[in-house]
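So you can see what is in the structure, the chains are spelled out below.
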Amino acid sequence: MTIPFLSFTAQNNLIEDEIRAAFERVFQNKWYILGKEVSDFELAYAQYNNVMHCIGVANGLDALHIALKTLGIGEGDEVITPSNTFIATWLAVSQTGATIVPVEPNPQTYNIDINRIEAAITPKTKVIMPVHLYGQACQMDAIMQIADKHNLLVIEDNAQAQGCTYNGKLTGSFGNINATSFYPTKNLGAYGDAGALTTNDAELAQKANLIRNYGSEKKYYNDIIGVNSRLDELQAAFLSVKLKYLNSWLDERKQIATAYTKQLADIPGLILPVTAPDADHVHHLYVVRTIRRDALEQHLNHNGIGTGIHYPVAPHLQKAYQHLGYKKGDFPIAEEIAQTCLSLPLNPGMTDDEITYVCKAIRRFYE
């Protein structure tokens, strides 16, 4: 049996006719940038996420960058980020000229540790940027309380957690302004690059709208210094189709994750995902951990099972961030996760036989 780490086959087969119809509609409309498809999707995604405003942009990194610019973050400011995250979280801060202040994750959930945040706050701190990593919600009630206590702003990085909740409230609706990605691998993925911001603040939404479009509300009249980062009509049309199926796909992801957890329980040396109290997990990734990660990965690949590593190098040890002066051992929890994590295949459309095949292969490895 061959099981790819990532497969779009089941999703594409389900929605192929609707996707083709969406393409034909955009093609015939002959309007490709900031038209009805974008505004319709923005409205639909705002409603889905229980917020007042959605602003479509070109990708998830741009969404984070624009969120920071919208809040006026720049040189001299500090932004608290997880030490354990995809590099885009850090890159967005760097693009503003602000200072990255990494905080270690909770070793059980891999999300930013709420008990370590306050120690990282200084008079220069302006923003806390939690990341709902792998699809699990951060402990947002506590994060918002810390932000309120210290008069800080919050930007959620919701790229891996569309449709997730914390204490019944959707991620991407807690912060002042929040960012998400619709990269094709995401739970709600486009057929190319795409991203969005969500907020309940009308002034922030208006400013983000200006920033994404050259700082312009009226063509050739530029109110502020902006960028060119717009969700295009075609991707918006595709996302509108897929949004209708998102909840059913999330349910399927949860069922697959539950099956994995049940069949992989009690294997000595294999650490399975843990969900925090009050947190939902939409399983963008199913990440196990083991000190024998590389050997297990090789074993699974040899048996036709695709895997991923999210992520093999912690941000502070990336060559791009050598200038910050961090060294190995500075963020040991993030480093340990990077050295031991392995993502198993988890795709809507996976069969029970495929799940069992993966789990039996893992058990054989440990036996």
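Residues numbered from 1 in each chain as written. Predicted model: local features only at pLDDT ≥ 70, side-chain atom pairs only at ≥ 80, totals over all residues. Heavy atoms only, no water.

The protein chain is annotated in an unreviewed UniProt entry as Aminotransferase class I/II-fold pyridoxal phosphate-dependent enzyme from Mucilaginibacter celer. Under the Sequence similarities (unreviewed entry) heading, UniProt states for the protein chain: "Belongs to the DegT/DnrJ/EryC1 family." (UniProt positions renumbered as here; feature names shortened; annotations may be inferred.)

With that out of the way, let us pick up the packing of helix 2 (residues 36–48) against helix 7 (residues 233–243). It is at 8 Å that the axes of helix 2 and helix 7 come closest, and there the two elements cross at 35°. Remark: the crossing between helix 2 and helix 7 carries left-handed chirality. When helix 2 is examined against helix 7, the residues Lys-36, Glu-37, Val-38, Phe-41, Ala-44, Tyr-45 and Tyr-48 are found in contact with a partner set consisting of Glu-233, Ala-236, Ala-237, Leu-239, Ser-240 and Leu-243. (Axes fitted to C-alpha atoms, helices over the stretch in contact; angles between N-to-C directions. Helix = DSSP H or I, 4+ residues; strand = E, 2+ residues; numbered from the N terminus. Left-handed = near helix turned anticlockwise from the far one by under 90°. Contact = heavy atoms within 4.5 Å.)

As far as domains go, the protein chain holds domain 1 (8–103 + 110–241) and domain 2 (246–366). Computed over C-alpha atoms, the centres of domain 1 and domain 2 are 25 Å apart. Counting residues at the interface gives 34 residues for domain 1 and 35 residues for domain 2. Counting the surface lost from both domain 1 and domain 2, the interface buries some 3,000 Å², and carbon and sulfur atoms represent 61% of this. It is Tyr-110, Tyr-134 and Asn-187 in domain 1 that bury the most area against domain 2; as a group they hold 25% of the surface buried on that side. If you look at where domain 1 meets domain 2, you find 0 salt bridges. (Domains from an automatic or database assignment. Buried area = accessible area lost by both parts, 1.4 Å probe. Salt bridge = Lys/Arg side-chain N within 4 Å of Asp/Glu carboxyl O.)

Next up on the list: the sheet that holds strand 1 (residues 53–57). The sheet built from 3 strands is open, its strands ordered 1-9-8 with antiparallel pairing. Two strands in the sheet have a free side with no partner beyond their single neighbour: strand 1 and strand 8 (178–181). The average angle at which neighbouring strand axes cross in this sheet is 25°, direction not considered. When strand 1 meets strand 9 (residues 195–199), the two strands line up antiparallel, connected through 5 bridges. Opposite Cys-54, over in strand 9, you have Thr-198 as the bridge partner. (Pairing = 2+ DSSP bridges.)

Position of Thr-81 among the secondary structure elements: in strand 2 (residues 78–82). Residue class for Thr-81 comes out buried when judged on its relative accessible area of 0%. Those residues in contact with Thr-81 that lie beyond four places of it in its chain are Thr-89, Trp-90, Val-93, Ile-100, Val-101, Pro-102, Val-103, Ile-112 and Met-129. (Buried < 20%, exposed > 50% of the residue type's maximum accessible area, 1.4 Å probe, protein only.)

Here, UniProt's "modified residue: N6-(pyridoxal phosphate)lysine" (unreviewed entry) annotation points to Lys-186. Mapped onto the secondary structure, Lys-186 falls in the loop between strand 8 and strand 9.

It is worth spelling out the pattern of salt bridges at this point. If you walk through the whole model with that rule in mind, you get 12 salt bridges. The salt bridge partner of Lys-36 is Asp-40, with a shortest N-O separation of 2.6 Å. Pair noted here: Lys-36 and Asp-40 are both in helix 2, with a separation of 4 residues, about one helical turn. Relative accessible area serves as the criterion here: at 33%, Asp-40 is assigned to the partly exposed category.

Below, the discussion takes up the UniProt feature "active site" (unreviewed entry) in the protein chain. The positions that UniProt labels "active site" (unreviewed entry) are, in the present scheme, Lys-186. Not counting residues within four places of it along the chain, the set of residues in contact with Lys-186 comprises Ala-159, Gln-160, Gln-162, Ser-181 and His-284.

So, on to the environment of Val-38. Tracing the sequence through the fold places Val-38 in helix 2. By relative accessible area, Val-38 is classed as buried at 2%. For the pair Val-38 and Ala-236, spaced 198 residues apart in the sequence, the C-alpha separation amounts to 5.2 Å. Setting aside its immediate chain neighbours within four residues, Val-38 contacts Arg-212, Leu-231, Asp-232, Glu-233 and Ala-236.

Among the nonpolar cores identified, the biggest contains 43 residues, and Phe-41, Ile-80, Ile-117, Ile-143 and Phe-182 are the most heavily contacted of them. Breaking this core down by element, the ones donating at least two residues are helix 2, strand 3 (99–103), helix 5 (140–150), helix 7 and helix 8 (246–264). Residues from two domains meet in this core; each of domain 1 (8–103 + 110–241) and domain 2 (246–366) gives at least three. In contact with Phe-182, other than residues within four places in its own chain, are Phe-41, Tyr-45, Gln-162, Leu-188, Gly-189, Ala-190, Gly-192, Ala-194, Gly-195, Ala-196 and Leu-239. Core analysis: the second largest hydrophobic core is formed by 26 residues, Ile-73, Trp-90, Ile-155 and Ala-205 among them. (Core = buried A, V, L, I, M, F, W, Y, C linked by side-chain atoms within 4.5 Å.)

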